[in-house]
Amino acid sequence: MKIICIGRNYREHARELSNPVPEDPIFFFKPDTSILRRNRPFVYPDFSRDIHYETEIVVKVCRNGKNIGASQAGTYYESIGVGIDFTARDLQQKAKEKGLPWALAKGFDQAAALSPFLPKAILPRVNDLNFHLDLNGNTVQRGCTADMIFSIDELISYLSKFMTLRKGDLLFTGTPAGIGPVRKGDLLEAFIEDRRMLWCEVK
Ligand code: MG
């Protein structure tokens, strides 16, 4: 199983990190050991002083595929969740400056907090889905999949030209604006529409 993540898929977020809006999707990976299930605390790692939350819609691939057309992409995922792409921003910044990969900044243990998945049949339109993150009870990030630069179907189609997608693969689809640091004692709660899907305490 692989965890595929998209960078800069919302214009406002690209702007807040002073990054250009990409012409093609930007991908990176997290290992399966980075998964943090809901309710489990996130333990602040000692190798970073600047861990950020990035709240993202996550889709789970439901069958194997390669060279998937955009019009067929919707048949390759049946369930949707929300996740937090925890990022060691200080390590990522160092890597960026040297043109090096983000593997450690994005792939450490617990860096992929994950909610349970909902069948997309019970959700409103997948391409117009609202989600948000509350930090200690205050909403700090709001996103809507309608604002993605590359839609979920476009991401699946593009990616599958390069690599085979397998049943069980997860796709983190990018974060909207409003990212920020976490501190020990924080409570993070992620919602799809008004449904609380994921929560975790920072320890
Ligand atoms: Mg992200």
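Anything mentioned here points back to the structure above.
Owing to the predicted nature of the structure, the values given are computational and were not obtained by experimental measurement.

**Q** Would you mind going over the overall build of the protein chain with me for this structure?
**A** What the protein chain contains, in helices and strands, is four helices and 15 strands. For the protein chain, whose C-alpha radius of gyration is 16 Å, the value lies close to the compact-globule estimate of 17 Å for 203 residues. C-alpha extents for the protein chain along the principal axes are approximately 45 × 40 × 30 Å. Taking all 203 residues of the protein chain together, 53% fall into the buried category. Here the protein chain displays about 9,600 Å² of accessible surface, and carbon together with sulfur accounts for 49% of that area. The protein chain carries 28 positive and 25 negative side-chain charges, and their two centres are separated by 4 Å.

**Q** Which parts of the structure should I look at to understand the pairing of strand 15 (residues 195-201)?
**A** In regular strands, side chains alternate between the two faces of the sheet. Both strand 14 (residues 187-192) and strand 15 contribute to a ladder of six bridges, which runs antiparallel. Looking at the pairing, leucine 188 lines up with cysteine 200 of strand 15.

**Q** Which parts of the structure should I look at to understand the coordination of the magnesium ion?
**A** By definition of the ideal shapes, four donors in a tetrahedron about a metal sit 109.5 degrees apart, and six donors in an octahedron sit 90 or 180 degrees apart. Only Glu54 (OE), Glu56 (OE) and Asp85 (OD) from the protein reach the magnesium ion as donors, at distances of 2.0 to 2.1 Å. For the magnesium ion, the donor residues sit on a single chain with the sequence spacing E-x1-E-x28-D. On the basis of relative accessibility, which here comes to 0%, the residue glutamate 56 falls in the buried class.

**Q** Looking at this model, I keep getting lost on the environment of phenylalanine 108. Mind explaining?
**A** You can see phenylalanine 108 is positioned in the loop between helix 3 (103-107) and strand 8 (112-114). A relative accessible area of 8% places phenylalanine 108 in the buried class. Separated by 22 residues in the primary sequence, phenylalanine 108 and phenylalanine 86 place their C-alpha atoms 8.8 Å from one another.

**Q** Whenever I open this one, the side chain of glutamine 141 confuses me. Can you help?
**A** Relative to the helices and strands, glutamine 141 is located in strand 11 (residues 138-144). With a relative accessible area of 1%, glutamine 141 lands in the buried category. Polar contacts involving the side chain of glutamine 141 include one to the side chain of threonine 55, which spans 2.7 Å.

**Q** Mind showing me how you'd approach the packing of aromatic side chains here?
**A** Two aromatic rings are characterised by how far apart their centres lie and by the angle between their planes. On inspection of all chains with the given rule, the structure shows seven aromatic pairs. Arranged with centres 5.3 Å apart and planes meeting at 40°, the rings of tyrosine 158 and phenylalanine 162 form a pair that is tilted. Taken together, the positions of tyrosine 158 and phenylalanine 162, both in helix 4 (residues 152-162) and four residues apart, correspond to about one turn of that helix. Judged by relative accessible area, which is 22%, tyrosine 158 ranks as partly exposed.

**Q** What exactly am I supposed to notice about the nonpolar core here?
**A** Counting residues in each nonpolar core, the largest one holds 47 residues, and the members touching the most others are Ile80, Phe86 and Leu188. Looking at this core, the elements that each hand over two or more residues are strand 1 (3-7), strand 4 (51-53), strand 5 (55-61), strand 6 (77-85), strand 10 (130-135), helix 4, strand 14 and strand 15. Counting eleven residues, the second largest nonpolar core, distinct from the first, contains Ile3, Ala95, Ala112 and Leu114.

**Q** Is there a simple way to explain helix 2 (residues 89-98) in this structure?
**A** For the α-helix, the turn length of 3.6 residues means that residues three or four positions removed from each other point alike. Among the residues of helix 2, Arg89, Gln92 and Ala95 are the ones counted as buried. Down the axis, helix 2 shows its buried residues gathered within 120° of arc, on one side only. Facing away from the buried side of helix 2 by over 90 degrees, the exposed positions are Lys94, Glu97 and Lys98. Structurally, helix 2 contributes buried residues whose contacts are with strand 4, strand 7 (87-88) and helix 3.

Calculation criteria
Residues numbered from 1 in each chain as written. Predicted model: local features only at pLDDT ≥ 70, side-chain atom pairs only at ≥ 80, totals over all residues. Heavy atoms only, no water. Helix = DSSP H or I, 4+ residues; strand = E, 2+ residues; numbered from the N terminus. Rg over C-alpha atoms; globule rule 2.2 N^0.38 Å. Buried < 20%, exposed > 50% of the residue type's maximum accessible area, 1.4 Å probe, protein only. Areas by Shrake-Rupley, 256 points an atom, 1.4 Å probe, with all protein chains shown as cover. Lys, Arg positive; Asp, Glu negative; His and termini not counted. Charge placed at Lys NZ, Arg CZ, Asp CG, Glu CD. Pairing = 2+ DSSP bridges. Donors = N, O, S within 2.8 Å, 3.2 Å for Na, K, Ca; no water. Polar contact = N/O pair within 3.5 Å; in protein donor to acceptor, adjacent residues only side chain to side chain. Phe/Tyr/Trp six-rings, centres within 6.5 Å; stacked < 30°, edge-to-face > 60°. Core = buried A, V, L, I, M, F, W, Y, C linked by side-chain atoms within 4.5 Å. Arc of directions from axis to C-beta. Contact = heavy atoms within 4.5 Å.

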